[in-house]
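# Fold and geometry: a report
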Amino acid sequence: MLALLPQLVVSGTSTGMLYALIALSMTVVYRATTVVNFGHGDMVAAGAYAVFVFGLGFGLPFLVAMALAIALLFAAGFAAQRMLLQPIVAGPHLSLAMMALAIGYTLRGALRLQWGNETINPSRPYPQDVYLFGNVVVTTDDAVICGSVLLLLAALFLLLQVTPLGKVIQATFQSQRGAALVGINVPLFHALMWGGGAALGALGGVMLSLITPLTPDLGQWTLVQGFAAMTLGGFGSLGGAVAGGILLGITEKLLGFYVNTVFIEITGYLVPILVLMLRPQGLFGRRAVVRV
Amino acid sequence: MSRRLFWLLPLALLPVPLLLNPYQQYVLNTALLYVPVGIGFNLVVGNLGLLAFSNVAYFGLGAYTSGVMMVQLGMPWWLTVIPAALVGGIGGAIASIPALRGVRLFYLAIMTLAFGELMRWTYIRWEALTGGSMGMAVPTATLFGWALDTDRRRFYAFLALVVLLVAITDRLLRSRFGRAFLAIKDNEIAAAAMGIPTDRYIVLAFAWGGAVVGVGGAMFAISVGHLTPVSFDLTELIRQFAIIMVGGLASLTGAIIGAVIVTVAPQVFISFPGFDELVFGLLIVLVILFLPRGLASLLARVHPAFVERYYRG
Amino acid sequence: MAEICALIGPNGAGKTTLFNAVSGNVVADGGSIRFRGEEIAGLTPHEISARGARRTFQNGGLFPELTALENVLVGLHAQVGSGFFGLLFGRRSAAAEASATMRARELLSTMGLAHIAEQKAGALSGGQQRMVEIVRALATNPPLLLLDEPAVGLAPAARQQLTSVIRNLARTRNIGILLIEHAIELVMSVADRVIVLNDGRKVADAPPEQVRADRAVLEAYLGHA
């Protein structure tokens, strides 16, 4: 039994990297705007479909299709914030949550209208292969997902820590009012972060389409897994989202193998419930309860 | 809604089945069963102001309770309505636990959403009772030995139940309870300082909401005749959300208007899967942007009879 | 004739924390809080409110979406005695509701607020909001009223009115008042007794004239007021 542990950790890490990317893209929006995007899962799904359309439909090379899909989702996220969220930004949380849900719902409807309820299996842009390290099997998918996410994380880290733009983003994350005082256009910043979150989500969608068939309802599952990873990581922390995602991926695999296979399906539902019951502020987060 | 109007509406509906074909009757029945679904949801989200996304859980619990009791115990449908309400109410009380622990806003939304998904997974996995993802056939309902085997017959049973539920909930909301819900929504701490045991009222709102929705689920079970877990997914959640957003938050009239619109409108697009979601998504977007208090607020502007004294969004 | 006791001290002295401990909004780490001979430390806010210690809040203590009348009705909540099941089957709740509404209107008109009864609390002026909040807290005739900075943000005329209202409550309605206030002239004119807090400790407890005379208190704790 224990002999399989390294294998489970490796494949769990691979799925976990994917969760990490999705949770990260949700966290970017949440940190920037303090609104959790309940439509984010559908944006991820839309990203996956967009690559499929650009690639197979228009016959573009995979990387070009991917770049176009990311650009498209960036524009969509930007426009959604500008046109739909910004007008009600001062309104109640409920309206903001509903608006995000409705955006996702609309996207899902559009996907279903075009493709019905059939599943699509996009072909990989590379030959699927397996590599053996001792008795641990690593698939090309694992390598591609882990490699891309790590590359992306490194790039994001450099962007945030080294560049002046990164400093501006970090400062605005910390204090919106302070940022506004020093002349940062906060509404524009919100729109850019919605775009950025959607673009990151689209990339997650691309990775997702490597390991799972596409259906218009893909976004529902994605949303729940993203929430679980965010909760584990403590809401709002970028590093926490990544850690939470990887932890979720590994936990799922271990519980699924050593305890019961049902945990592969329900860990994502149980995690937010259990974690928030034990610690209403998330595993590493600050308290988010009503103050006196 | 004024008293007279409240009783006029169901009276006016009595002869309507004579004018409808079976398909139209089915649509009307569906609209009726979504009225309690909207009312229960609205009680928690609109009146109490808590972001609980577990409405579909109560709906499914009510539907499966009714269906399973009919199949496994051979009970007549009308006897399963109260257990369906009870189980729905218990589901509501369970969903209120995080709120009692101080979980609010998106955290509460995420937890309750996960609770609903966990219930859906339970329906899929508990195959012995629910038939798993293939679903279960629900036998023909009877009411005191009278078979509810046509949509027209079910209509009258549904109408009676809905009138009862609306009347009780209306009474609840007009009383000090309804006022306490709104007070908790506006300012929880001040509400407690006025002597309101806020925790107890939160549980009450969730449980009553869950019970009302559970009855809607029992109606759903015999209306569709076949229960599958996919009827209780996140897409269904958003459809139910559309009822209260489009109809009007914290408004009984709103829940009724919303139920009718959400049920009737998609029939127009039924041959294009996805089109209804697209249209509803856009409709919710437009309502939030331009009519934040929903269609009920338009009615209230037309005539004071539609002003609901203790219901506000 | 009940006592008006004012609680003063610099920012961060612990005045509001003390208030919150009395009203049950925070749980004290230790010690004892006694109200009318009964230990109330550890009780929830609604239990303390039911025992007759009612409070107002520094800002925005009203229910902004409810009308002034409904705000007062919430204040009467415990006295509109309808239970959940009685409500479903009985007729008494309508009568209880009607008599509570009448009482709430009466209370508003004794403070000269009858004309704003149907207005949303959130739309009222600052002075009116403060008065509605006091009416709401007093609706149950509590023996103790806790006022958390009632004068803050009020125009001089409204402040005058507030002063006389507070005085009247203690003198004619026999309601004990514990008051946090930064407006020293108000404190000195209404209080029978002034308690000075600094850094979580009581440093003076005397009639206002004595506290005024206590130069050390003034210099140290009122920031040279």
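None of these values were measured; they are calculated from a predicted model.

Looking now at the overall build of chain B. Within chain B, the secondary structure is distributed over 15 helices and four strands. At 19 Å, chain B has a C-alpha radius of gyration in line with the 20 Å of a compact globule built from 313 residues. Taken along the three principal axes of its C-alpha coordinates, chain B extends 50 × 45 × 40 Å. Counting across all 313 residues of chain B, residues that qualify as buried make up 59%. A separation of at least 24 residues holds for 79% of the contacts in chain B among residues at least 6 apart in sequence.

Turning our eyes to something else, we now look at the sheet that holds strand 6 (residues 176-180) of chain C. Residues and elements named next belong to chain C. Taken together, the six strands give an open sheet; going across it, the order is 4-5-6-1-7-8, and neighbouring strands pair in mixed fashion. Since the sheet does not close on itself, it has two edges, and those belong to strand 4 (53-55) and strand 8 (201-206), each with one partner. Neighbouring strand axes in the sheet, compared pairwise and without regard to direction, differ in orientation by 20 degrees on average. Of the pairings in the sheet, the one linking strand 1 (residues 4-8) to strand 6 comprises four bridges and is parallel in character. Bridging from a neighbouring strand, Cys 5 pairs with Leu 178 of strand 6. In this fold helix 1 (residues 15-23) packs onto strand 1, strand 4, strand 5 (144-148), strand 6 and strand 7 (193-198), with an angle of close to 145 degrees to the strand it touches most, strand 5. Packed onto the sheet, helix 7 (residues 156-172) meets strand 1, strand 5 and strand 6 and runs at close to 150 degrees relative to strand 6.

Summarising the element assignment, Phe 275 of chain B is placed in helix 14 (residues 275-290). What Phe 275 of chain B contacts, discounting residues up to four positions off in sequence, is Gly 109 and Leu 113 of chain A together with Phe 269 of chain B.

Our next topic: the environment of Val 203 of chain C. You can see Val 203 of chain C is positioned in strand 8. In this structure Val 203 of chain C comes out as partly exposed when scored by C-beta crowding, with 16 C-beta atoms within 10 Å.

This part is about the packing of helix 9 (residues 176-186) of chain B against helix 3 (residues 68-75) of chain C. Contact geometry for helix 9 of chain B and helix 3 of chain C: axes closest at 10 Å, N-to-C directions at 105 degrees. For the element pair helix 9 of chain B / helix 3 of chain C, the angle class is roughly perpendicular. Contacts between helix 9 of chain B and helix 3 of chain C involve Arg 179, Ala 180 and Ala 183 of chain B from the first element and Glu 70, Leu 73 and Val 74 of chain C from the second. Partitioning the contact of helix 9 of chain B with helix 3 of chain C into residue classes produces four nonpolar, no polar and two charged.

Counting residues at the interface gives 41 residues for chain B and 42 residues for chain A. Residue assignment for the side of chain B that touches chain A shows that the elements contributing at least two residues are helix 6 (105-125), helix 10 (188-193), helix 12 (234-247) and helix 14 of chain B. Residue contributions to the side of chain B that touches chain A peak at 12 residues, all from helix 6 of chain B. Here the side of chain B that touches chain A is composed, by residue class, of 30 nonpolar, three polar and eight charged.

Bringing unusual backbone geometry into the picture now. Residues and elements named next belong to chain B. Unlike most non-glycine residues, Leu 105 shows phi in positive territory, near 50 degrees. Structurally, the position occupied by Leu 105 is in helix 6. If you check the backbone angles, Ala 250 has positive phi at about 60 degrees while not being a glycine. Within the element layout of this structure, Ala 250 appears in the loop between helix 12 and helix 13 (252-268).

In a soluble, globular protein the nonpolar side chains are often hidden away together inside. In this structure, Ala 20, Leu 73 and Ala 97 of chain A are the most contacted members of the largest nonpolar core, which totals 253 residues. If near-sequence neighbours (up to four positions away) are discounted, Ala 20 of chain A is found in contact with Val 149, Ala 229, Ala 241, Val 242, Gly 245 and Ile 246 of chain A.

This brings us to the packing of helix 12 of chain B against helix 15 (residues 294-302) of chain B. Residue and element names in this part refer to chain B. The interhelical angle for the contact between helix 12 and helix 15, taken along N-to-C directions, is 25 degrees, at an axis separation of 3 Å. Here helix 15 runs roughly parallel to helix 12, going by the angle between their axes. Across from Met 245, Val 246 and Gly 247 in helix 12, the residues of helix 15 making contact are Gly 294, Leu 295 and Ala 296. Split by residue class, the contact of helix 12 with helix 15 holds four nonpolar, two polar and no charged.

The rules behind each value
Residues numbered from 1 in each chain as written. Chains lettered and ligands numbered in written order. Predicted model: local features only at pLDDT ≥ 70, side-chain atom pairs only at ≥ 80, totals over all residues. Helix = DSSP H or I, 4+ residues; strand = E, 2+ residues; numbered from the N terminus. Rg over C-alpha atoms; globule rule 2.2 N^0.38 Å. Buried ≥ 20, exposed ≤ 12 C-beta atoms within 10 Å, placed from the backbone. Contact = placed C-beta atoms within 7 Å. Pairing = 2+ DSSP bridges. Axes fitted to C-alpha atoms, helices over the stretch in contact; angles between N-to-C directions. Parallel < 35°, antiparallel > 145°, perpendicular 65-115°, else oblique. Nonpolar A, V, L, I, M, F, W, Y, C, P; charged D, E, K, R; others polar. Core = buried A, V, L, I, M, F, W, Y, C linked by C-beta atoms within 7 Å.

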